[in-house]
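What the coordinates show
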Amino acid sequence: SFPDPIFGRRRVEHWDNAAAQGRLAMRNLMGKTEPFTHVPWFFSDVFECSYEYWGNASGCDEVIYRGQPDSGKTSVWWLRENRPRAVFSLNRPPEEGRQVARLILRQTKLKPRILADPRRSLEHAHD
């Protein structure tokens, strides 16, 4: 359980969260005083399906589909005031996934129409 600057007080029971808290605890024991800022991340690979989920979709006011759900290569973006709060990704390119946590942490304002076009880079979706 930890105070989250984006989502409020959170409880996340996942090894990724525990590892991130441990790394921060060590840095803080060594003299740094950093707050814990971490976007929860879950993933799995099942046969040909690789999926990931970041963030928390509660309190969102818009859902954007990037790609066609029928294609087996899509992502779903939950936004609040055009800022990403959560993303579910299914068989999307790894470079897209590497950007998700940063976009959520920075509360980057996105352009929904460009975000919905999988041919466009996420870099073009920023305001």
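Our structure's up above, just so we're on the same page.
The notes below deal with the structure included here.

Rules used in this analysis
- Residues numbered from 1 in each chain as written.
- Predicted model: local features only at pLDDT ≥ 70, side-chain atom pairs only at ≥ 80, totals over all residues.
- Heavy atoms only, no water.
- Core = buried A, V, L, I, M, F, W, Y, C linked by side-chain atoms within 4.5 Å.
- Buried < 20%, exposed > 50% of the residue type's maximum accessible area, 1.4 Å probe, protein only.
- Helix = DSSP H or I, 4+ residues; strand = E, 2+ residues; numbered from the N terminus.
- Pairing = 2+ DSSP bridges.
- Axes fitted to C-alpha atoms, helices over the stretch in contact; angles between N-to-C directions.
- Contact = heavy atoms within 4.5 Å.
- Expected span 1.5 Å × (residues − 1).
- Arc of directions from axis to C-beta.

For the rest of this paragraph, the subject is the nonpolar core. Residues Trp54, Trp77, Leu79, Val100, Ile104, Leu110 and Leu115 are the most contacted members of the largest nonpolar core, which totals 16 residues. Only strand E6 (74-80), helix H2 (94-105) and helix H3 (112-115) provide two or more residues apiece to this core. With three residues, H2 is the largest single contributor of residues to this core. Residues Phe2, Val12, Ala20 and Leu24 belong to the second largest nonpolar core, which totals five residues.

With antiparallel pairing, the five strands of this open sheet are ordered in space as E3-E4-E7-E6-E5. The open sheet has two edge strands, strand E3 (41-46) and strand E5 (62-66), and neither has a second partner. Each strand of the sheet is rotated relative to its neighbour by a mean of 15 degrees, with strand direction disregarded. Relative to strand E7 (residues 83-90), strand E4 (residues 49-55) runs antiparallel, the two being bridged by five bridges. Bridge pairing in E7 places Tyr51 opposite Leu90. Set on the sheet, H2 makes contact with E4, E5, E6 and E7; between it and E4 the angle comes to about 10 degrees.

End to end, helix H1 (residues 15-29) covers 21 Å across 15 residues, agreeing with the expected 21 Å (1.5 Å per residue, within 8%). Turning to H1, its buried residues are Asp16, Asn17, Ala20 and Leu24. Each buried residue of H1 sits inside an arc of 100 degrees when the element is viewed along its axis, so together they form one side. Residues Trp15 and Leu29 are exposed on H1 and point more than 90 degrees away from its buried face. Check the buried side of H1 and you find it contacts strand E1 (2-4) and E3. Just downstream of H1, Gly31 is the residue with a positive phi angle, here 115 degrees.

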